[in-house]
Amino acid sequence: MYQFKGLDDTIAAIATPAGNGGIGVVRLSGPQALSISDDVFSPKGKVKPSQAKGFTVHYGWIVNTNDEEQAMNGEIIDEVLLTVMRAPKSYTGEDVVEIGCHGGWAVVRAVLDIVLKAGARLAEPGEFTKRAFLNGRMDLAQAEAVLDIIRAKTEAFVRVSQHQLKGQLSDEIESIRKVLMSVYTTLEALINFPEDDIDAQTHDDVCQRLEEQNKRIQTLLANSPNGRLLKEGIRVVFCGKPNVGKSSLLNVLLKTPRAIVTDIAGTTRDVLEEEAQIKGIPLQLVDTAGILSPRDLIEQEAVKRSHLYIQSADLVLLVLDHSLPLEDQDRILIEQLKDRPVVVVVNKCDLPSRLELAHLPFEKVVKVCALQQQGIDQLEHAIVESVWQGEVSNSHGILISNLRHIQALKQAVVELEAAWGLMGEGLSLEFISEHIKAAVNCLDAVLGRNIDEDLLESIFSEFCIGK
Ligand SMILES: Nc1nc2c(ncn2[C@@H]2O[C@H](COP(=O)(O)OP(=O)(O)OP(=O)(O)O)[C@@H](O)[C@H]2O)c(=O)[nH]1
Ligand SMILES: [Mg+2]
C-alpha cells in the first residue's frame, strides 16, 4: 500500500446535508481530534474528550475559545452531544470525534468554524473514507460501496451495495486470488528448478484450477449488467403518434398526473423526464411529443428533441391506439425502431379493436387501458423483463455495478484464458506464469492494492464532503 501524504493532520467537515434538520453533525478525524475537542468543548461532567473512553457520548457546550473576549464571557455556540471513537476502532481507523449539534445550518457552520480555527483542516470530499481505506479499515471495493450507498436511488441497490460493503465481493475476489497465487507459486517453483519438469498430474491440476477460477470471475461478470442497471437506472422513452395516450401512460406509471393529457392531438410539445421505480429498478421515464410533421418552430424543436431521446433510450415503449388501424405515422415509427429494444404498448383497449397487430417486427406486445389503469402490471413486468437479464440469485447475490471493477475482471479473464490456452499448447511455463500474475494484478486493482494515486484521487473526489 502506498504512503499517502498528509495522514498526520486532523480533518473536519460537516457530515450532514446542507439545510435545516433536527441535528447536524461535525466530524473530526486525525491525531489531534481529541485535543482540538478539548479546546472547543466544555463538558457538563469532568471528563474531557482526551480523557474519554472510546464509544462514549458526552453532554456539554461548544464554546468560542478562539476569541479571547468571547471566551471570557463564556460564549456558547451550541449545546451538543460529543461522541468519542478512538483509534483504531473507528470509521477512519484514527481518533474520531463527532459533534452532534442543533441542525440549523448557521449553527453547524459555526461549530465547524471553531474546530477549524482550533487547528483542524477542512476535509476534502471523501477524505474520511479515503483515510479508512489508507488505514486498512476497508478495501477499495468496500470504500466504493460506501459511495454507492450514499447515492443509491433504490432500496434494491442499497442492498447490493451493503453486500459489497460487508465485503462479499472482496471475499470472493480474495478467494479466487488465493487459488491463483498457489498456481503461480507452483509454476514459479517449476521454473526455478527446470530439472523438475511439469508432470501430467500437476499439468491437469493447474489447468483445472485456472478453469475454475475463470468460471468464478465469469459468474461475477455475468451479473454485472443487472448491477449497472440497479446503479444507473434505465431510460425508458414513450413514443407514438399524437393522441395514442403516451402522457396518460406516463402518469399511470408515475401514479401522479404529471403530464398534461387532452384529446387534442399534439398536446405534449416538449420532452418530459421523470424518475420512477419499478420493482426496485430505477427508471427515467421520458414522454415525448407525438408530432411527426411539425407546423412551427416550437414543434420542430420538439420533434428534434424527441428523436434525440428515442435514440438514447435503453428501452422504447411504442404506443399504438387499439381503436385505430395502423397509419403511415405508425409505420414510419415501426420502421425506425425495428432494430431497437422495444415493447409495443397497445393502449385504449377499452375501445373496439381496429388495430391489426400481425407482422409487427417486435416480440413484446402488451395490451393496456391507461384510462381504466388496466394491464399496467403486465406493462411493468414487460419493462423489467426487457432490461433485467437472467436470474439474480446466483453468485451469492454479488452484483457488480462498478465499471472499474468490470473492466478489471474482464482483463483478468483475458489473462486467465491466455494462460489456460498456453498450458494446452505446452508452451514455456514462464509465459503462463506471467499471465497468471497479470490476472492477480487485475484482482488486486479491484481491492485497491497497488493502485496509483491519481486513480485514487479521482475515485474519492466523487464523494461528498464529510464522508
Ligand atoms: N378511451 C381511452 N382513452 C384514452 C386512453 N388513454 C388515453 N386516452 C385519451 O386519449 C387522449 C390523448 O391522451 P394523451 O395521453 O394526451 O395522448 P398523447 O399520446 O400523450 O398525445 P400527444 O401528447 O398529443 O402526443 C386523451 O383524451 C386521453 O384521455 C384509454 O386507455 N382509453
Ligand atoms: Mg402527450
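Predicted model, so just to flag it, every value in this text is computed and none were measured.

**Focus: the coordination of the magnesium ion (ligand 2)**
Protein coordination at the magnesium ion (ligand 2) comes from Ser 247 (OG) and Thr 268 (OG1), with a distance range of 1.9 to 2.1 Å. Here Ser 247, found in helix H10 (residues 246-254), pairs with Thr 268, found in the loop between H10 and strand S9 (272-278); they are 21 residues apart in sequence, far enough to count as distant. For Ser 247, a relative accessible area of 8% gives the class buried.

**Side note on the site of ligand 1**
Around ligand 1 sit 23 residues, and of these Lys 246, Ser 247, Ser 248, Gly 266 and Thr 268 come closest. Within the side chain of Lys 246, a nitrogen or oxygen atom sits 2.8 Å from an oxygen atom of ligand 1. In the model, a nitrogen atom of ligand 1 is placed 2.9 Å from a nitrogen or oxygen of the Asp 350 side chain. Bound to the protein, ligand 1 loses 91% of the 650 Å² it would expose on its own. With respect to the detected pockets, ligand 1 is housed in the largest pocket. Looking at the shell around ligand 1 residue by residue, the classes come out as nine nonpolar, ten polar and four charged.

**Brief notes about the packing of aromatic side chains**
Two numbers describe a pair of aromatic rings. These are the distance of the centres and the angle of the planes. On inspection of all chains with the given rule, the structure shows two aromatic pairs. Here Phe 133 and Phe 460 contribute two aromatic rings whose centre-to-centre distance is 6.3 Å and whose plane-to-plane angle is 35°, an arrangement assigned as tilted. Placement of the pair is Phe 133 in helix H4 (residues 127-134) and Phe 460 in helix H16 (residues 453-460), with a sequence separation of 327 residues. Residue Phe 133 is classed as buried on the basis of its relative accessible area, which comes to 3%. Across the ring face of Phe 128, the terminal group of Arg 27 is positioned such that the distance to the ring centre comes to 5.1 Å.

**Concerning helix H9 (residues 224-232)**
Among the residues making up H9, those that are buried are Ser 224, Asn 226, Gly 227, Leu 229 and Leu 230. Where H9 is buried, its residues meet helix H6 (155-166), helix H8 (200-222), strand S8 (234-239), strand S10 (281-287), helix H13 (376-387) and helix H14 (403-425). Just beyond H9, the residue with positive phi is Gly 233, at close to 80°.

**A word on the sheet that holds strand S7 (residues 121-122)**
The seven strands lie next to each other as S3-S4-S5-S6-S2-S1-S7, forming an open sheet whose pairing is mixed. One side of each edge strand has no neighbouring strand; the edge strands of this open sheet are strand S3 (41-43) and S7. Relative to S3, helix H1 (residues 33-40) is tilted by about 75°, and along the sheet it contacts strand S2 (23-29), S3, strand S4 (56-63), strand S5 (76-85) and strand S6 (96-102). Across the sheet, H4 is in contact with strand S1 (11-14), S2 and S7; its angle to S1 comes to roughly 140°.

**Structural notes on the domain arrangement of the protein**
By the assigned domains, the protein splits into domain 1 (11-138), domain 2 (150-223 + 396-448) and domain 3 (233-387). Spacing between the C-alpha centres of domain 1 and domain 2 amounts to 43 Å.

**Describing the nonpolar core**
Counting residues in each nonpolar core, the largest one holds 37 residues, and the members touching the most others are Leu 249, Leu 285 and Ile 383. Sort the elements by how many residues they give to this core and H13 lands first, with six residues. Domain assignment of the residues forming this core places at least three in each of domain 2 (150-223 + 396-448) and domain 3 (233-387). Leave out the neighbours within four places in its chain, and Leu 249 touches Phe 238, Val 319, Val 345, Asn 347, Val 368, Ala 370, Ile 376 and Leu 379. Among the nonpolar cores identified, the runner-up in size contains 36 residues, and Ile 176, Val 206, Leu 210 and Leu 422 belong to it.

**A look at a nonpolar patch on the surface**
Together, Val 57, Tyr 59 and Leu 81 make up a nonpolar patch on the protein surface, roughly 270 Å² of accessible area in all. Secondary-structure assignment places Leu 81 in strand S5.

**Examining the sheet that holds S9**
One open sheet accounts for six strands, arranged S9-S10-S8-S11-S12-S13; its pairing is mixed. At either end of the open sheet lies a strand with only one pairing partner, and these are S9 and strand S13 (364-367). Within this sheet the neighbouring strands show an average axis-to-axis angle of 25°, counted without direction. Taken together, the six bridges between strand S11 (residues 315-321) and strand S12 (residues 342-347) define a ladder with parallel strand orientation.

**Comments concerning the pattern of salt bridges**
For the structure shown, the criterion picks out 28 salt bridges. For Arg 404, the salt bridge identified is with Glu 144, shortest N-O distance 2.9 Å. Of this pair, Arg 404 sits in helix H14 while Glu 144 sits in helix H5 (residues 140-151), and the two are 260 residues apart along the sequence. For Arg 404, a relative accessible area of 16% gives the class buried. Put simply, Asp 205 and Arg 209 hold a salt bridge, and the shortest N to O gap is 3.1 Å. Here Asp 205 pairs with Arg 209, and both are found in helix H8, just four residues apart, close to one helical turn. What makes Asp 205 partly exposed here is its relative accessible area of 32%. Linked through salt bridges whose partners overlap, the residues forming this network are Asp 9, Glu 94, Arg 121, Glu 127 and Arg 131.

Rules of the game
- Residues numbered from 1 in each chain as written.
- Chains lettered and ligands numbered in written order.
- Predicted model: local features only at pLDDT ≥ 70, side-chain atom pairs only at ≥ 80, totals over all residues.
- Heavy atoms only, no water.
- Donors = N, O, S within 2.8 Å, 3.2 Å for Na, K, Ca; no water.
- Helix = DSSP H or I, 4+ residues; strand = E, 2+ residues; numbered from the N terminus.
- Buried < 20%, exposed > 50% of the residue type's maximum accessible area, 1.4 Å probe, protein only.
- Near = heavy atom within 4 Å.
- Polar contact = N/O pair within 3.5 Å; in protein donor to acceptor, adjacent residues only side chain to side chain.
- Areas by Shrake-Rupley, 256 points an atom, 1.4 Å probe, with all protein chains shown as cover.
- 1 Å grid on protein atoms, 1.4 Å probe; cavity = no way out; pocket = protein on both sides within 12 Å on 5 of 7 lines; lining within 4 Å.
- Sits in = over half its atoms within 2 Å of the grid points.
- Nonpolar A, V, L, I, M, F, W, Y, C, P; charged D, E, K, R; others polar.
- Phe/Tyr/Trp six-rings, centres within 6.5 Å; stacked < 30°, edge-to-face > 60°.
- Lys NZ or Arg CZ within 6 Å of the ring centre and 35° of its normal.
- Contact = heavy atoms within 4.5 Å.
- Pairing = 2+ DSSP bridges.
- Axes fitted to C-alpha atoms, helices over the stretch in contact; angles between N-to-C directions.
- Domains from an automatic or database assignment.
- Core = buried A, V, L, I, M, F, W, Y, C linked by side-chain atoms within 4.5 Å.
- Patch = residues over 30% accessible without salt bridge, like charges linked within 9 Å, V, L, I, M, F, W, Y side chains within 5 Å.
- Salt bridge = Lys/Arg side-chain N within 4 Å of Asp/Glu carboxyl O.

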